[in-house]
Amino acid sequence: MPRLTLSEQTQVARLILDRSRRATTAKINQSALVRWRYGAPVADNLLIVPQELRSADPSFASEIEFGHFGLGGTVAILDDNRPFSITPPSTNWARELHGFGWLRHLGAAGNERARDAALGLVAEWIKRYDDRQGTPWEPAVTGRRLMSWIVNAPLLLDDVEPGTFDSTTDSLGDQLIHLSATWPEATDGIPRLVALTGLLLGSVCIAGHERHLADLEVKFAAELERQILPDGGHVSRNPEVLVELLLDFLPLRQCFATRSRALPIGFDAAIERMLRMVRFMRLGDGRLARFNGMSAHSIDALSAVLAYDSASEQRLSDAAASAYVRAARGDIVIVADVGTPPPLEFATRAHAGCLSFELSIGAQAVFVNGGAPTQMAQEWQASARATASHNTLCLGGKSSSKLVRHAVFEQLLGAAPIRFPSGVSYKSTERDGGFEIDAFHDGYVHRYRLLHRRHLVLDANGTRLRGQERIGPQRGQLRLAQDLPYAFHFHLDPAISCHLGVCEAAAVVTLADGQRWRFTAAGAAISLEDSIHYAEPTGPVRSQQLVLRGSTFGETDVGWTFELVATDTDDQLSSHPQLNDQAC
């Protein structure tokens, strides 16, 4: 177990103190002497039914009929059992089960069997879980369940027996009161925002629960300010988080408007910043760049939130707070990571991809990071987070970041965060119609005393990208005791076709529309190697990568160029050998 730095020891102490304080507050709030403050546990008058922005899959109802209950990337086989009576195959599956987000699928099926299944499962949950203990009553799970039941109120409450109506609304009220007392116990980060969002939505939509709404709005605004950065990014630096939050925030904002109630301070501005940041992180293929925990995501969800961007033409020009740079010229779009890892409490899904970039040409993603695996493939998580899975330098076969394998951190945060690089600097410049990015990081200084400097130059027409890589000391000269292997990785999207020329001095990348792009290098040999793309809905898939390999004695310069050379067909390409090879 590695020793913690003084700063990390201080963070551990702060996290322990904060968790203890919040647990004490929640315990007091749940006592009979205090619980009455949150109002009567009734919810028989639903004022608003929010819009569900998440897409629904009607086939889910058919899968249940066949005994399959797939949640959180895991399919549970029920074998004539009820989902609440089996041992959960994973913690994430259990949280999604008790969060009831799957109700929308049953509602979308549009038949009586599906509705009967929904009503039966809700009734069973109410009878089984009245002890307010364990996973079903975690604050974030309770917040998600409140949102799910309220959004699906027509499915659960319209034209049902009085007894069913009363038990469901009584449970809604009880959950709202319970969450009012326990939300401070929510794990820091997204779970806390989910708990607060569910609590706010319930308090706005259910009559008789406005008493503490003003105080709740203040707490929500404070948490929002802490987690949403000035450029609209999330403090975790994970682009996927923004979409998930917006799917909840946008309906909540509409509920405030319907009730003619002023929004929490900063809420509307935060939403607009987040929407612009989502566009900023979007490549030409319509997907978000795969940085810091970004996994396979739904284009439908992305489209749903961007439909609410009222200022879609007002592009974000800079994302300094989130430390990402975006360049777009011609058909090329580049997004680069030029930042340090997030604070440790938000770094449990962060990746060791400093100075990596992703590139698309038109509607085709070309160079992409490996991304994060879905819940169904968590055994790949460690390798996906490694530097070698990103489009950047891997020195000595090691990552530029280091996992903080410490029992206290992992217990408090649920997974190992990363540390390093601690120093990252960048400058972006528009020059002669083109765009330049100059950056360096010190992620390898603690181990090898070496910096990685990367200079990218995109021309004005978007037909050539040049890169200059430098490995060297922070200052002066350095001669290592022995040469150190290095590898600059350029992972290709699984749909991309690539081959090396005869001399292996150039590689040709072929796009779906017939364009040919040539990748050449100076100072290092090019190899075409196997790779793994982790961010796929069905699990990791094989792909390819271009790798520039060599050894450094302490100071090394490597240059490379990626440029458009032809739009010919395959037959025409064979008559142009210069597109495939350079002189040996």
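Note that the structure is predicted; figures quoted are calculated from it, not measured.

### Digging into the packing of aromatic side chains
How two aromatic rings sit relative to each other is set out by the distance from centre to centre and by the angle between their planes. Throughout the structure, instances matching the rule amount to 29 aromatic pairs. Aromatic pair F357 and F367: ring centres 6.3 Å apart, planes at 75°, arrangement edge-to-face. Placement of the pair is F357 in strand β5 (residues 357-361) and F367 in strand β6 (residues 364-367), with a sequence separation of 10 residues. Side by side, F357 and F367 carry an identical accessibility label, which is buried. Through a chain of ring-to-ring contacts, the aromatic side chains of F60, F69, F84, W93, F100, W102, W125, Y129, W137 and W149 assemble into a single cluster. Lying over the aromatic face of W137, R145 brings its terminal NZ or CZ to 5.3 Å of the ring centre.

### Here's the deal with empty space enclosed by the protein
Counted under the stated rule, the structure contains 3 cavities of 30 Å³ or more. Within this model, the largest cavity holds a volume of roughly 50 Å³. What lines the largest cavity is a set of 14 residues, and nearest its centre among them are G339, P341, H351, G353 and C354.

### Some thoughts on helix α4 (residues 91-99)
Taken as a whole, α4 has its buried residues at W93, A94, L97, H98 and G99. Backbone geometry just after α4 places F100 at a positive phi near 60°.

### A closer look at the pattern of salt bridges
Throughout the structure, instances matching the rule amount to 30 salt bridges. With a closest N to O distance of 2.8 Å, R113 and E65 form a salt bridge. Here E65 lies in helix α3 (residues 59-65) and R113 lies in helix α6 (residues 112-128), a separation of 48 residues in the sequence. On the basis of relative accessible area, R113 is assigned to the exposed category, the value being 56%. The class for E65 is partly exposed, based on a relative accessible area of 48%. For E430, the salt bridge goes to R329, with nearest N and O atoms at 3.4 Å. In this pair, E430 sits in strand β10 (residues 424-431) while R329 sits in strand β3 (residues 324-329), placing the two residues 101 residues apart along the sequence. Since its relative accessible area comes to 62%, E430 is described here as exposed. Ionic contacts of the salt-bridge type, sharing partners, join the residues R54, R144, E244 and D248 into one network.

### Here we look at the environment of I86
Considering the arrangement of structural elements, one finds I86 in the loop between β2 (74-77) and α4. Residues I86 and A76, spaced 10 residues apart in sequence, show a C-alpha to C-alpha distance of 8.7 Å.

### Side note on the confidence of the model for the protein chain
Keep in mind that low pLDDT regions are not for reading the predicted coordinates in detail. Looking at the protein chain as a whole, the pLDDT averages 91, with 92% of positions reaching at least 70. Contacts for the low-pLDDT stretch residues 569-578, under 50 throughout, to residues beyond four places or in other chains number 8 contacts. This model gives residues 580-584 a pLDDT under 50, and the stretch forms 13 contacts once residues within four places in sequence are excluded.

### Considering the pairing of strand β1 (residues 68-71)
Going residue by residue along β1, you find F69 and L71 tucked away on one face and H68 and G70 left uncovered on the opposite face. Bridge count for β1 against β2 is 4 bridges, and the pairing is antiparallel. Within β2, the residue paired with L71 across the bridge is T74. Adjacent in sequence and paired antiparallel, β1 and β2 are bridged by 2 residues, among which G72 carries a positive phi angle near 55°.

What counts and what doesn't
Residues numbered from 1 in each chain as written. Predicted model: local features only at pLDDT ≥ 70, side-chain atom pairs only at ≥ 80, totals over all residues. Heavy atoms only, no water. Phe/Tyr/Trp six-rings, centres within 6.5 Å; stacked < 30°, edge-to-face > 60°. Helix = DSSP H or I, 4+ residues; strand = E, 2+ residues; numbered from the N terminus. Buried < 20%, exposed > 50% of the residue type's maximum accessible area, 1.4 Å probe, protein only. Lys NZ or Arg CZ within 6 Å of the ring centre and 35° of its normal. 1 Å grid on protein atoms, 1.4 Å probe; cavity = no way out; pocket = protein on both sides within 12 Å on 5 of 7 lines; lining within 4 Å. Points joined across faces, edges and corners; volume = space filled by probe spheres on them. Salt bridge = Lys/Arg side-chain N within 4 Å of Asp/Glu carboxyl O. pLDDT = per-residue confidence, 0-100. Contact = heavy atoms within 4.5 Å. Pairing = 2+ DSSP bridges.

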